[in-house]
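# Reading the structure
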Amino acid sequence: LLLDEEKLAKVIMRFPTILQYSIDDNIKPKLDWLEQRLDLDDMAVSKIVRQFPTILGLSIPNKLEPTLAWLQQRLSLTDRELSNLMQKIPALFGYSVDTNIEPTLNFFIEALGDEDRALALLVRSPDLFSKSLEKRLKPRLEEAKNAGLVIDAACLKRIGKYAEKKWLTSLHYQTRQLARQY
């Protein structure tokens, strides 16, 4: 895993169950699969495990491969694009397609009214998949619509990425800009 003692300790603290796994039966096959499936070197696999150690507890045939296959097919990704996406946000391995990834994708498609633009936004900013639909995305979209803002990719990126205070400041600023136009 190319981990020094400090990094290994952090992985164990985040995912102590790793200590119960067989190196030969679980850890090594998963690391080898990641290298092969996503065309990664040892350093890239190590980084994924450091960022999302829970990956070592997920089943390849029941969770990892179906998630990758769905993302690749639905987002129309090449192998390289899929690899880049998963390296940007390894937590996607653990997200449920049915209850998280697909509903979030559908939210962005509906908000933009254009599937290609939604796919492009999510591929560029895959961390948007990690934002709560009910607590962040939907309420802020409603605020933006009520304020009369143009709902485009830039607006949706702010909706997803900005912390609460920054979002409110941005919303207020954009509302003032709109008022000046009229």
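Everything numeric here is computed off the predicted structure, so don't read it as measured data.

Take the overall build of the chain next. Counting its secondary structure elements, the chain contains 10 helices and zero strands. Element order for the chain, N to C, with α for helix and β for strand: α-α-α-α-α-α-α-α-α-α. Judged by the C-alpha coordinates and their principal axes, the chain covers about 65 × 35 × 25 Å. Relative to its full complement of 182 residues, the chain shows a buried share of 42%. Taking the contacts inside the chain whose residues are at least 6 apart along the sequence as the reference set, 65% of them involve residues at least 24 apart. Surface accessibility of the chain: about 10200 Å² in total, with carbon and sulfur atoms responsible for 51%. Each charge class in the chain can be summarised by its mean position, and for the 27 positive and 25 negative side chains these summaries are 9 Å apart.

This brings us to the nonpolar core. Core analysis: the largest hydrophobic core is formed by 53 residues, its most contacted members being Ile55, Leu71, Met86, Leu92, Phe93, Phe108 and Leu156. The leading source of residues in this core is helix H6 (residues 97-112), at eight residues. Not counting chain neighbours up to four residues away, the residues in contact with Leu156 comprise Phe107, Phe108, Ala111, Leu112, Leu121, Leu128, Leu141 and Ile151.

The next thing to look at is the packing of helix H4 (residues 60-74) against helix H5 (residues 79-88). At a closest axis distance of 10 Å, the pairing of H4 and H5 adopts a crossing angle of 120 degrees. Relative to H5, the element H4 is oriented oblique. Regarding H4 and H5, the two cross each other, and that crossing is right-handed. On H5, the residues that touch Leu68, Leu71 and Gln72 of H4 are Asp79, Leu82, Leu85 and Met86.

Moving on, we get to the packing of aromatic side chains. Evaluated as defined, the whole model comprises one aromatic pair. With 5.1 Å between their ring centres and 85 degrees between their planes, Phe107 and Phe108 make a pair best called edge-to-face. The class for Phe107 is buried, based on a relative accessible area of 9%. Over the ring of Tyr162 we find Lys166, and its NZ or CZ is 4.5 Å from the ring centre.

Rules behind the numbers
- Residues numbered from 1 in each chain as written.
- Predicted model: local features only at pLDDT ≥ 70, side-chain atom pairs only at ≥ 80, totals over all residues.
- Heavy atoms only, no water.
- Helix = DSSP H or I, 4+ residues; strand = E, 2+ residues; numbered from the N terminus.
- Buried < 20%, exposed > 50% of the residue type's maximum accessible area, 1.4 Å probe, protein only.
- Contact = heavy atoms within 4.5 Å.
- Areas by Shrake-Rupley, 256 points an atom, 1.4 Å probe, with all protein chains shown as cover.
- Lys, Arg positive; Asp, Glu negative; His and termini not counted.
- Charge placed at Lys NZ, Arg CZ, Asp CG, Glu CD.
- Core = buried A, V, L, I, M, F, W, Y, C linked by side-chain atoms within 4.5 Å.
- Axes fitted to C-alpha atoms, helices over the stretch in contact; angles between N-to-C directions.
- Parallel < 35°, antiparallel > 145°, perpendicular 65-115°, else oblique.
- Left-handed = near helix turned anticlockwise from the far one by under 90°.
- Phe/Tyr/Trp six-rings, centres within 6.5 Å; stacked < 30°, edge-to-face > 60°.
- Lys NZ or Arg CZ within 6 Å of the ring centre and 35° of its normal.

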